[in-house]
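Below, each chain spelled out in residue letters.
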Amino acid sequence: MSSTKPAMRDALVAAAFQLFLERGYEQTTVDDIVTLAGVGRRSFFRYFPSKEDVVFPDHERCLTDMTAFLAASDPGCDPIERVCEAVRLVLRMYTENPTFSVQRYRLTKQVPGLRAYELSVVWRYERAFAEYLRGRLKGLHDGTLRADVIAAAVAAAHNNALRSWLRSDGHGDAEQAVEHALGYVQAAFGAPGAPSPDEPEDVVVIVSRRGAPLWRVVQEIESTLERD
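The rules behind these values
- Per chain, residues are indexed from 1 in the order of the written sequence.
- Only residues with pLDDT of at least 70 are given local features in this predicted model, and only at 80 or more are side-chain atom pairs given and counted; all residues enter the totals for whole chains, interfaces and linings.
- Heavy atoms throughout the structure, all of them, feed into the side-chain values; hydrogens and water do not.
- Each salt bridge in this description consists of a side-chain nitrogen of Lys or Arg and a carboxyl oxygen of Asp or Glu lying within 4 Å of one another.
- Numbering of helices and strands runs from the N terminus, with a helix taken as a DSSP run of H or I at least four residues long and a strand as a DSSP run of E at least two residues long.
- Here the term buried applies to any residue with accessible area under 20% of the maximum for its type, exposed to any over 50%, and partly exposed to those in between, with areas from a 1.4 Å probe on protein chains only.
- Residues are treated as being in contact if the distance between any of their heavy atoms lies within 4.5 Å.
- Side-chain rings of Phe, Tyr and Trp (the six-membered ring for Trp) are treated as a pair once their centres are within 6.5 Å; stacked means planes under 30 degrees apart, edge-to-face means over 60, and tilted covers the remaining angles.
- Comment: the charge-over-ring label is applied if NZ (Lys) or CZ (Arg) is within 6 Å of the ring centre and within 35 degrees of the ring normal.
- Excluding any residue in a salt bridge, patches collect residues exceeding 30% relative accessible area, merging like charges within 9 Å and nonpolar Val, Leu, Ile, Met, Phe, Trp and Tyr side chains within 5 Å.
- The method behind every accessible area is Shrake-Rupley, applied with a 1.4 Å probe, and residues are considered shielded solely by the protein chains displayed.
- As used in this record, nonpolar core signifies buried Ala, Val, Leu, Ile, Met, Phe, Trp, Tyr and Cys residues forming a set joined through side-chain atoms within 4.5 Å.
- The pLDDT value tells you how sure the predictor is about a given residue, anywhere from 0 up to 100.
- Every axis in this analysis is a line fitted to C-alpha atoms, fitted for helices over the stretch in contact. Angles between the N-to-C directions lie between 0 and 180 degrees.
- Between 65 and 115 degrees an angle is taken as roughly perpendicular, under 35 as roughly parallel, over 145 as roughly antiparallel, and anywhere else as oblique.
- For any helix crossing, the convention is left-handed if the near helix is rotated counterclockwise from the far helix by under a right angle, and right-handed if that rotation is clockwise.
- Here the term charged refers only to Asp, Glu, Lys and Arg, the term nonpolar to Ala, Val, Leu, Ile, Met, Phe, Trp, Tyr, Cys and Pro, and the term polar to all other amino acids, Gly among them.

A.B. asks: Explain the pattern of salt bridges to me, please; I cannot follow it from the model alone.
C.D. replies: Pairing of side chains with opposite charge becomes possible as their charged atoms draw close. Under the definition given, this model contains 13 salt bridges. Two residues, Arg127 and Asp148, come together in a salt bridge whose shortest N-O distance is 4.0 Å. With Arg127 in helix H8 (residues 112–137) and Asp148 in helix H9 (residues 143–167), this pair connects stretches of sequence that are 21 residues apart. Two residues, Arg134 and Asp148, come together in a salt bridge whose shortest N-O distance is 2.8 Å.

A.B. asks: Help me out: how do you make sense of the side chain of Ser101 in this one?
C.D. replies: The residue Ser101 is located in helix H7 (residues 98–110) in this model. For Ser101, a relative accessible area of 2% corresponds to the buried category. Those residues in contact with Ser101, other than ones at most four positions away along the chain, are Tyr94, Trp165 and Leu166.

A.B. asks: Teacher, can you tell me more about the packing of aromatic side chains here?
C.D. replies: Each aromatic ring pair is characterised by the separation of its centres together with the angle its planes make. Counted by the stated rule, this structure contains 7 aromatic pairs. Taking the centre distance of 5.2 Å and the plane angle of 85° together, the rings of Phe44 and Phe45 count as edge-to-face. Residue classification places Phe44 among the buried residues on the basis of a relative accessible area of 0%. Taken together, the ring pairs connect Phe17, Phe20, Tyr25 and Phe100 into an aromatic cluster. Taking the ring centre of Tyr25 as reference, the NZ or CZ of Lys51 above it sits at 4.1 Å.

A.B. asks: Would you mind going over a nonpolar patch on the surface with me for this structure?
C.D. replies: A cluster of nonpolar side chains, namely Leu145, Val149 and Phe189, defines an oily patch on the protein surface of about 240 Å² accessible area. In this fold, Phe189 is placed in helix H10 (residues 174–189). Residue Phe189 is classed as partly exposed on the basis of its relative accessible area, which comes to 32%.

A.B. asks: Can you walk me through the nonpolar core in this structure?
C.D. replies: By size, the foremost hydrophobic cluster in this structure holds 38 residues, and its most contacted members are Met66, Tyr125, Phe129 and Val154. For this core, the secondary-structure elements that each account for two or more residues are helix H5 (59–71), helix H6 (79–95), H7, H8, H9 and H10. No other element matches the 10 residues that H9 contributes to this core. Excluding residues that lie within four positions of it along the chain, Val154 makes contacts with Val83, Cys84, Val87, Phe129, Leu182 and Val185. Among the nonpolar cores identified, the runner-up in size contains 21 residues, and Val13, Ala16, Phe44 and Phe56 belong to it.

A.B. asks: I tried to follow the confidence of the model for the chain on my own but got confused; where do I start?
C.D. replies: In the predicted model, the chain carries a mean pLDDT of 86, and 81% of its residues have values of at least 70. Confidence, expressed as mean pLDDT per element, reaches its minimum in the chain at helix H11 (residues 214–227) with 59 and its maximum at helix H2 (residues 30–37) with 96. Here residues 192–199 is a poorly scored stretch, pLDDT under 50, and it has 12 contacts once near neighbours within four places are set aside; other chains count.

A.B. asks: Please explain the packing of H5 against H6 as it appears in this structure.
C.D. replies: When two helices pack together, their arrangement is given by the angle between the helix axes and the distance between those axes. Here H5 crosses H6 at 160°, and the two axes come no closer than 10 Å. Compared by their axis directions, H5 and H6 come out roughly antiparallel. Handedness of the H5/H6 crossing: right-handed. Residues His59, Arg61, Cys62, Met66, Phe69 and Leu70 of H5 form the contact with H6, whose participating residues are Arg82, Val83, Glu85, Ala86, Leu89, Val90, Met93 and Tyr94. Taken together, the residues of the contact of H5 with H6 break down into 10 nonpolar, 1 polar and 3 charged.

Here's what the structure looks like:
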């Protein structure tokens with residue numbers, strides 16, 4: 001029976017998108033979808049609470065997996081890198097089926113209600129990032145603010161690169177585009193002085209006599225950086 005459930009679910013999604021493309025989203029009813037799929041209305045609502053949900057069939061699973069991924073994080077890991085790893089799980093959901101992802105992108109552009117639904121889904125991902133970061137950054141000055149800003153930046157970087165890939169009809173390297181975008185987030189919020197993706201890393205070498213007091217070494221470093 002477990003093997004039947006995914007097949008029925010996939011059949012409903014396939015039927016729904018076939019009708020959306022042929023008739024349009026607004027003109028397609030749940031009854032139309034179940035008729036084409038050869039199942040009853042109860043079967044549809046067993047998998048999808050609404051017609052909007054059939055357009056985004058994998059987001060609930062992805063959100064659950066991503067939240068579990070963050071919850072299982074090693075306390076000693078870099079929290080910003082961990083959130084970047086988590087958002088890559090979302091990207092993978094899209095790139096596993098490029099044709100479907102591109103069709104959905106086109107559909108959401110045409111239907112304002114679906115666009116609003118998609119934005120609510122994106123907000124839930126962002127909230128999951130923020131909740132994890134709040135836990136990791138608590139106790140720091142402006143820890144909650146930092147967590148919320150970083151979460152928003154990670155979501156924005158991912159979405160910018162993802163939409164560029166979708167606009168290209170799924171051509172190009174989505175992973176490379178997302179890595180490039182996330183590089184700006186890590187440069188902005190990671191270790192102090194981290195280089196941006198397009199800037200070479202600077203190395204400062206200071207020569208000081210053995211036994212020099214620490215304040216003197218720090219002063220020499222500051223003087224060198226000011227000259228640069």
